[in-house]
Amino acid sequence: MSKRYGLVAVAVVLAAFVFENYYLRPGAEALRDRLSSEYTMMQKEEQYLKSSAAAGEDIKAVSREVGTLEKGLLPEKSEFLAAARLQGEVSDLAAKAGLSVMTIRPMEVSQAGSYRSIPIYFEGSGGIRQMGDFLRSVESDALLIRIDKLGLSITNMQNPKDLKFKIQVSGLAKL
């Protein structure tokens, strides 16, 4: 009888050893690997959610900035009226700066995405200080006016402050 208990005890120990080594350890390792991969995936998803929330904030900020910039567009719907408005604005800025405008004319309108670029060309004369005042007033004007081309030349070698200018500017209008 004691041999029988001994054999049963050895069989139970052997069964426990086999159960642990062939069933519990592989199952635990598989579970650990699966948890590790799911944790990594969860971290990636968390990073994605954080970045998408930040991207949403960036998109809102850009949208607000575009709205602010669009207030500086030419509001006229026709190309002719937009060019006339831009010519008037540039003439006023030049007159306030003390520049003498001799020629001003519209140029061919081009399309830039969902906007129209309305260019005008003008030439005239004035002093260096007046030219600086004009450029500052273009920069601070309510309309978005871009200087495309600027050519300056000295008209009198005895007085190099007198300049002749040729400028092409453009404004944007929505299609």
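What counts, and where the lines are drawn
- Residues numbered from 1 in each chain as written.
- Predicted model: local features only at pLDDT ≥ 70, side-chain atom pairs only at ≥ 80, totals over all residues.
- Heavy atoms only, no water.
- Phe/Tyr/Trp six-rings, centres within 6.5 Å; stacked < 30°, edge-to-face > 60°.
- Salt bridge = Lys/Arg side-chain N within 4 Å of Asp/Glu carboxyl O.
- Helix = DSSP H or I, 4+ residues; strand = E, 2+ residues; numbered from the N terminus.
- Buried < 20%, exposed > 50% of the residue type's maximum accessible area, 1.4 Å probe, protein only.
- pLDDT = per-residue confidence, 0-100.
- Pairing = 2+ DSSP bridges.
- Patch = residues over 30% accessible without salt bridge, like charges linked within 9 Å, V, L, I, M, F, W, Y side chains within 5 Å.
- Areas by Shrake-Rupley, 256 points an atom, 1.4 Å probe, with all protein chains shown as cover.
- Lys, Arg positive; Asp, Glu negative; His and termini not counted.
- Contact = heavy atoms within 4.5 Å.
- Polar contact = N/O pair within 3.5 Å; in protein donor to acceptor, adjacent residues only side chain to side chain.
- Expected span 1.5 Å × (residues − 1).
- Arc of directions from axis to C-beta.

1. Here's the deal with the packing of aromatic side chains
What describes a pair of aromatic rings is the distance from one ring centre to the other and the angle between the planes of the rings.
1) Next: Applying the stated criterion across every chain yields a total of two aromatic pairs.
2) Next: Taken together, the aromatic side chains of Phe122, Phe134 and Phe165 make up a single cluster linked through ring pairs.

2. Remarks on the pattern of salt bridges
1) Next: All chains considered together, the criterion is met by three salt bridges.
2) Next: For the salt bridge of Glu76 with Arg85, the shortest nitrogen-to-oxygen distance reads 3.4 Å.
3) Next: Note that Arg136 is salt-bridged to Asp133, the shortest N-O span being 2.6 Å. Residue Arg136 and its partner Asp133 are both found in helix H3 (residues 128-140); the two are separated by three residues, about one turn of the helix.
4) Next: Using a relative accessible area of 54% as the deciding quantity, one classes Arg136 as exposed.
5) Next: The partly exposed category is assigned to Asp133, whose relative accessible area is 32%.

3. Brief notes about the environment of Leu163
1) Next: Tracing the backbone shows Leu163 in strand E5 (residues 162-174).
2) Next: With a relative accessible area of 10%, Leu163 lands in the buried category.
3) Next: The spatial distance from the C-alpha of Leu163 to the C-alpha of Asp133 is 14 Å, given a sequence separation of 30 residues.

4. Overview of the confidence of the model for the chain
1) Next: A residue-level look at the chain finds 99% of positions with pLDDT of 70 or above and a mean pLDDT of 85.
2) Next: Here helix H1 (residues 2-70) stands out as the element of the chain with the lowest mean pLDDT, 78, in contrast to strand E1 (residues 100-106), whose mean of 93 is the highest.

5. Description of the pairing of E5
1) Next: Sheet analysis places strand E3 (residues 115-127) next to E5, joined by 13 bridges and oriented antiparallel. Among the inter-strand pairings, Ile120 is bridged to a residue of E5, identified as Val169.
2) Next: As paired strands, strand E4 (residues 145-154) and E5 are joined by nine bridges and run antiparallel to one another. Within E5, the position partnered with Ile154 by the bridge is Leu163.

6. A closer look at a nonpolar patch on the surface
1) Next: Together, Leu14, Phe17, Val18 and Tyr22 line one region of the surface with nonpolar side chains, adding up to about 460 Å² of accessible area.
2) Next: Examined against the element boundaries, Phe17 turns out to sit in helix H1.

7. Some details on the side chain of Glu123
1) Next: Following the sequence through the fold, Glu123 ends up in strand E3.
2) Next: Buried charge Glu123 goes without a salt bridge, the closest partner of opposite sign being Lys164 at 4.7 Å.
3) Next: Not counting the four nearest positions on each side in its chain, Glu123 is found in contact with Ser100, Val101, Met102, Thr103, Lys164, Phe165 and Lys166.

8. Considering the side chain of Ser137
1) Next: By the secondary structure assignment, Ser137 is in helix H3.
2) Next: You can call Ser137 buried: its relative accessible area is 19%.
3) Next: At 2.7 Å, the side chain of Ser137 forms a polar contact with the backbone oxygen of Phe134.

9. Re the environment of Gly151
1) Next: You can see Gly151 is positioned in strand E4.
2) Next: According to the relative accessible area criterion, Gly151 is partly exposed, its value standing at 29%.
3) Next: When the C-alpha atoms of Gly151 and Gln168 are compared, they prove to be 9.0 Å apart, with 17 residues separating the residues in sequence.
4) Next: Those residues in contact with Gly151 that lie beyond four places of it in its chain are Lys164, Phe165 and Lys166.

10. Here's the deal with helix H2 (residues 79-97)
1) Next: Its 19 residues give H2 an end-to-end C-alpha distance of 27 Å, which sits within 8% of 27 Å, the value for a rise of 1.5 Å per residue.
2) Next: Buried residues of H2: Ala82, Ala83, Leu86, Gln87, Glu89, Val90, Leu93, Ala94 and Ala97, and no others. Down the axis of H2, the sector holding all buried residues measures 165°, keeping them to one side. Exposed side chains of H2 directed beyond 90 degrees from the buried face belong to Phe80, Ala95 and Lys96.
3) Next: On its buried face, H2 is in contact with E1, E3, H3, E4 and E5.

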